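Okay, here's what each chain looks like letter by letter:
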2 protein chains.
Amino acid sequence: MPKSPTLPLIPGGLPLSGVLGFKCGAAYAGLKRPRPGVLDIGVLWAPGGATAAAVFTKNQACAAPVDWSRKVAARGRASAAVMNSGNANACTGPQGERDAAEMAAVAARALGARAAEVFVASTGVIGKPMDMGKVRAGLWEACIDATGAGKAKFERAIMTTDLVQKRAACRVRIGGRTITVAGVTKGSGMIAPNVATMLAYIVTDAAVEPKVLRTALAWCADRSFNCLTVDGQGSTNDSVFLMASGLSGPKITRPAGSAYGKFLAALEAVCRDLARQIARDGEGATKLVNVNVAGAKSDADAREAAKAVAESMLVKCALFGCDPNWGRILSAIGMSRAKLDPTKAKVEVGGVKVYDRKPLAFNPKAAKKALSVKELDLNVDLRLGAGSATFYTCDLTYGYVKINAEYHT
Amino acid sequence: MPKSPTLPLIPGGLPLSGVLGFKCGAAYAGLKRPRPGVLDIGVLWAPGGATAAAVFTKNQACAAPVDWSRKVAARGRASAAVMNSGNANACTGPQGERDAAEMAAVAARALGARAAEVFVASTGVIGKPMDMGKVRAGLWEACIDATGAGKAKFERAIMTTDLVQKRAACRVRIGGRTITVAGVTKGSGMIAPNVATMLAYIVTDAAVEPKVLRTALAWCADRSFNCLTVDGQGSTNDSVFLMASGLSGPKITRPAGSAYGKFLAALEAVCRDLARQIARDGEGATKLVNVNVAGAKSDADAREAAKAVAESMLVKCALFGCDPNWGRILSAIGMSRAKLDPTKAKVEVGGVKVYDRKPLAFNPKAAKKALSVKELDLNVDLRLGAGSATFYTCDLTYGYVKINAEYHT
């Protein structure tokens, strides 16, 4: 499995409105604490409509907007996606469901769309009723922004504890025409496999049938967002939305062939980069860690092993301390469902070879220096087969504890 | 399931040598950093022999002494248990196996026992060859201590990052005679279900057949050590040893009947209290948390739910911040294999009712005060069935990160 996308990304990404067929708007409704430049309502609009697909949290306590958006995704078409930050609209009962539906209705009215084609998402505090007076007004304003100049930043409206805005974009030639895939995402804590308190919005001007979009997104999410863990915690609201305006490129009508392959590669590159950006911005994180497991009995085993390492609090603390602690790494794999034989395994952390069938001598000072970086590879070769997988995670620091002990209900 | 043992414990516990048929010794061999009063070799001796049982880590990267002791346990008899701290003798290859065997041989020679009846355990750094010169000398000294006055503290020899010594004891009348069960344990980090970097030694003067001991220990471990999680990390060395000298009480030959029931209750009380002491002394912990789940579809479901809550970094950070964050609690259960219906569930943290089919209003200041305690109950009623389970955990603090970022390979 490649460690990084093979397709080159556009440096710095693109705003979603940089893709043909999409416009964006945002507003401040007063759901988040007021501070300069803060935004808490976002609108993504496809004036000409779009085919659509999405993946959602598997949490049984999923939020009302997730239930709403699942139905939109099932129909395969969307002309807008609206969201608010500051309130997750989760565990809010029947009123929460009515509020999610109303958010779609308000946007539909403002944009001249059908409510059934409006994705809804929320992120923030769980269990607090939505202040719909504020949401309604903010949503209206954001829609006006989207239909006009769209100056306010959608990427900023979706942020919660994120420290940086995250976007990624990729262009690829298909049948003599250039198609663009661009995405933005938010999320930095409560991040776990199978998508977790994160929202991602990905748009493309390619023309892709809904069921093909669905197949492509599932495949890419499995190799990106589902290989991402900050703290092993799935959330109530996680959603990845994908919309295709169809304004460029030839029609992609089946999940096979060269055109599909190229589109898939671009989508995967964008998803993978967004996932890595989330890990890098993990709550309190000082470094991004690519956990690469090779030589596993199967890909499934490799995934279990990579996940166990990426979720190990002990490994993550050691990485914060710049310690290539192979003992904790092998121990984490040993407790997972993946097959491990310590007399065969090999471990390398940040380029420092620390274990190869047995512990290797290494210079602790040089190792500490090698691990004092913003991004590193943690490579494990199990030497039991051909299975491989990569997980993305970050270190566990005082900052994580601080953020999560002080962020109150 | 009862939240606390029904049998009263002896306040402060007993030293293992306080039980008929057992003597203890300890020594400082120089495996741990020298400081006043430090010990790193321990010997528990049953001069007249004992029946024995044990449970061990399920980690595939288990340490050499675990392999050795598994064989001893399978034979059902032990006359000594020796251990060292400061070095785990894990991932040390064939030399590690020879070293574990030699530890048994040295103790057997010094105590006039058979090596095949000597349990061996190690705890400390993984992957470092044992300094057998030091171990041999220290072991000899500890055996001499055990055969003599046994003044040095076995409980202190087994400690690593523990801040306090942990012991528990219980007495019960069986057939007109009093039997005693006493245990000591170590462990404060890398603690997870299915036993994790912890060692526990439990002795009794009851006369119990090996296969009955095994059944009893498995039952009790499942309700104590296997319901304990500090950081979800299983270790390479975890072991719980149980030895019965048979010097008091009637013979217990089958796992049924009133005598067995009383013995089991005493053993369970000791195991449960030791497990709770470990959680209370969790690395960096400021509080012990009893996660009680009731109303689950089954006991297995209750266990999954309690484990998910007890292992949630987000819940544990919230408890450190004295925040009864039911959103994180329900979200953790929602991501587990346990069935959850948020419209039925009830959550109470530290006596503060925070959720009952829907969020409840509560005074944050009063809640913060209620949670600012050394021990609290986190009660969840899923209202889906009759399944229940209790897990023991602690909060996640700056201290945990500090210990585990600074403790180096």
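Residues numbered from 1 in each chain as written. Chains lettered and ligands numbered in written order. Predicted model: local features only at pLDDT ≥ 70, side-chain atom pairs only at ≥ 80, totals over all residues.

Section: the overall build of chain A
Regarding its fold elements, chain A presents 11 helices and 15 strands. Computed over its C-alpha atoms, the radius of gyration of chain A comes to 21 Å, within 12% of the 22 Å expected for a compact globule of 409 residues. Projected onto its principal axes, the C-alpha coordinates of chain A cover approximately 65 × 50 × 35 Å. Here chain A, with 409 residues, has 64% of them falling under the buried criterion. Long-range pairs, those at least 24 residues apart, make up 81% of the contacts in chain A between residues at least 6 apart in sequence. (Helix = DSSP H or I, 4+ residues; strand = E, 2+ residues; numbered from the N terminus. Rg over C-alpha atoms; globule rule 2.2 N^0.38 Å. Buried ≥ 20, exposed ≤ 12 C-beta atoms within 10 Å, placed from the backbone. Contact = placed C-beta atoms within 7 Å.)

Thoughts on the sheet that holds strand β13 (residues 352–356) of chain A
All names here are of chain A. Here we have 5 strands laid out as an open sheet, ordered β13-β12-β14-β11-β15, and mixed in their pairing. Of all strands in the sheet, those bounded by a partner on one side alone are β13 and β15 (387–394). Going from strand to strand, the sheet's axes swing by 15° on average, the running direction of each strand aside. Sheet analysis places strand β11 (residues 288–296) next to β15, joined by 7 bridges and oriented antiparallel. Residue Asn290 lies in a different strand from β15, and its bridge partner there is Tyr392. (Pairing = 2+ DSSP bridges. Axes fitted to C-alpha atoms, helices over the stretch in contact; angles between N-to-C directions.)

A closer look at the nonpolar core
Counting residues in hydrophobic clusters, the biggest one holds 312 residues, and the most contacted among them are Ala80 and Ala107 of chain A together with Ala80 and Ala107 of chain B. Dropping the residues within four chain positions of it, Ala107 of chain B is found in contact with Val43, Ala80, Val82, Ala113, Val118, Leu139 and Cys143 of chain B. (Core = buried A, V, L, I, M, F, W, Y, C linked by C-beta atoms within 7 Å.)

Quick look at the relation of the copies chain B and chain A
Between the two copies of the chain lies a rotation about an axis combined with a shift along it. When chain B is brought onto chain A, the operation consists of a screw motion whose angular component is 180° and whose axial shift is 0.0 Å, with 0.0 Å RMSD remaining. The symmetry that links the two subunits is that of a two-fold axis. In terms of C-alpha distance to the rotation axis, chain B has Tyr398 of chain B as its closest residue, with the C-alpha 2.7 Å off the axis. When you check the interface residues of chain B against chain A, 98% turn up at the interface there too, and the contact is symmetric in its surfaces. (Least-squares fit on C-alpha atoms with pLDDT ≥ 70 in both.)

Remarks on the environment of Gly351 of chain B
Tracing the chain through its elements places Gly351 of chain B in the loop between β12 (346–349) and β13 (352–356). Overall, Gly351 of chain B belongs to the partly exposed group, with 13 C-beta atoms counted inside 10 Å.

Re unusual backbone geometry
Leave glycine aside and you will find that most residues have negative phi; peptide bonds, for their part, are mostly trans. Residue and element names in this part refer to chain A. In the Ramachandran plot, Arg357 falls in the positive-phi region, its phi being about 65° despite a non-glycine side chain. For Arg357, the location among the structural elements is in the loop between β13 and α10 (364–371). With 14 C-beta atoms counted inside 10 Å, the residue Arg357 sits in the partly exposed group. Of note in this structure, Arg383 is not a glycine but carries a positive phi near 50°. Turning to its location among the elements, Arg383 is positioned in the loop between β14 (375–381) and β15. On the basis of neighbour counts, which here come to 15 C-beta atoms within 10 Å, the residue Arg383 falls in the partly exposed class.

Some words on the sheet that holds β13 of chain B
Residues and elements named next belong to chain B. In spatial order, the strands read β13-β12-β14-β11-β15; together these 5 strands make up an open sheet with mixed pairing. Each of the sheet's edge strands pairs with one partner strand only, and the pair in question is β13 and β15 (387–394). Going from strand to strand, the sheet's axes swing by 15° on average, the running direction of each strand aside. With 4 bridges joining them, β12 and β13 adopt antiparallel strand pairing. Its bridge partner being in β13, Glu348 is matched across the sheet by Lys353. Here helix α7 (residues 299–311) sits on the sheet and contacts β11 (288–296), β14 (375–381) and β15; the angle it forms with β15, its principal contact strand, is near 20°.

Side note on the domain arrangement of chain A
All names here are of chain A. On domain assignment, one finds that chain A holds domain 1 (16–280) and domain 2 (288–406). One C-alpha centre belongs to domain 1, the other to domain 2, and the line joining them spans 32 Å. Listed per partner, the contact involves 12 residues of domain 1 and 11 residues of domain 2. Of the residues that constitute the side of domain 1 that touches domain 2, the class distribution is 6 nonpolar, 4 polar and 2 charged. (Domains from an automatic or database assignment. Nonpolar A, V, L, I, M, F, W, Y, C, P; charged D, E, K, R; others polar.)

A few points about helix α3 (residues 132–147) of chain A
All names here are of chain A. With 16 residues, α3 ought to run about 22 Å at 1.5 Å a step, and its terminal C-alpha atoms sit 22 Å apart, in line with that. Restricting attention to buried positions, one finds in α3 the residues Val135, Gly138, Leu139, Ala142, Cys143, Asp145 and Ala146. For α3, the arc enclosing every buried residue in end-on projection is 155°, short of the 170-degree limit, so these residues lie on one face. Each element contacted by the buried residues of α3 is listed here: β1 (23–27), β2 (41–56), β3 (77–87) and α2 (93–111). (Expected span 1.5 Å × (residues − 1). Arc of directions from axis to C-beta.)

Notes on the interface of chain B and chain A
Contacts between the two partners involve 45 residues from chain B and, on the opposite side, 44 residues from chain A. Where the side of chain B that touches chain A is concerned, the elements lending two or more residues are α8 (313–320), α9 (326–334) and α11 (398–406) of chain B. In terms of residue count, the dominant contributor to the side of chain B that touches chain A is α9 of chain B (6 residues). In terms of residue class, the side of chain B that touches chain A is made up of 21 nonpolar, 20 polar and 4 charged.

Details of the packing of α8 of chain B against α9 of chain B
Residues and elements named next belong to chain B. Axis separation between α8 and α9 bottoms out at 9 Å; the angle between their running directions is 160°. Regarding the angle of α8 to α9, the classification is roughly antiparallel. Note on packing geometry: the crossing formed by α8 with α9 is left-handed. Residues Leu314, Val315 and Ala318 of α8 form the contact with α9, whose participating residues are Arg328, Ile329 and Ala332. Considering only residue class, the contact of α8 with α9 consists of 5 nonpolar, no polar and 1 charged. (Parallel < 35°, antiparallel > 145°, perpendicular 65-115°, else oblique. Left-handed = near helix turned anticlockwise from the far one by under 90°.)

Comments concerning the pairing of strand β7 (residues 199–204) of chain A
All names here are of chain A. Burial runs high along β7: 6 of the 6 residues are buried. Pairing of strand β6 (residues 177–186) with β7, which is carried by 6 bridges, proceeds in the antiparallel orientation. Opposite Gly183, over in β7, you have Ile202 as the bridge partner. Summarising the sheet, β7 and strand β9 (residues 239–244) pair through 6 bridges and their orientation is parallel. Paired with Val203 across the strands is Met243, a residue of β9.

With respect to the confidence of the model for chain A
For any part of a model where pLDDT is low, the fine detail of the predicted coordinates should not be relied upon. All names here are of chain A. Per-residue pLDDT for chain A averages 89, and the proportion of residues at 70 or more is 94%. Per-element confidence in chain A is highest for strand β12 (residues 346–349), whose mean pLDDT is 97, and lowest for helix α11 (residues 398–406), whose mean pLDDT is 75. In the predicted structure, residues 1–5 sits below a pLDDT of 50 and forms 10 contacts with residues beyond four places in sequence or in another chain. Between residues 190–196, whose pLDDT stays under 50, and residues either more than four places distant or in other chains, the model counts 39 contacts. For this predicted complex, the interface confidence comes out at an ipTM of 0.74, alongside a pTM of 0.81. (pLDDT = per-residue confidence, 0-100.)

What to know about the pairing of β14 of chain A
Residue and element names in this part refer to chain A. Of the two faces of β14, only one is covered, namely that formed by Leu376, Leu378 and Val380; the face formed by Glu375, Asp377, Asn379 and Asp381 stays uncovered. Judged from the 7 bridges that link them, β11 and β14 form a sheet pairing that is parallel. Among the inter-strand pairings, Val293 is bridged to a residue of β14, identified as Val380. As defined by bridge partners, β12 adjoins β14 across 4 bridges and the pair is classed as antiparallel. Within the sheet, the bridge partner assigned to Glu348 lies in β14 and is Asn379.

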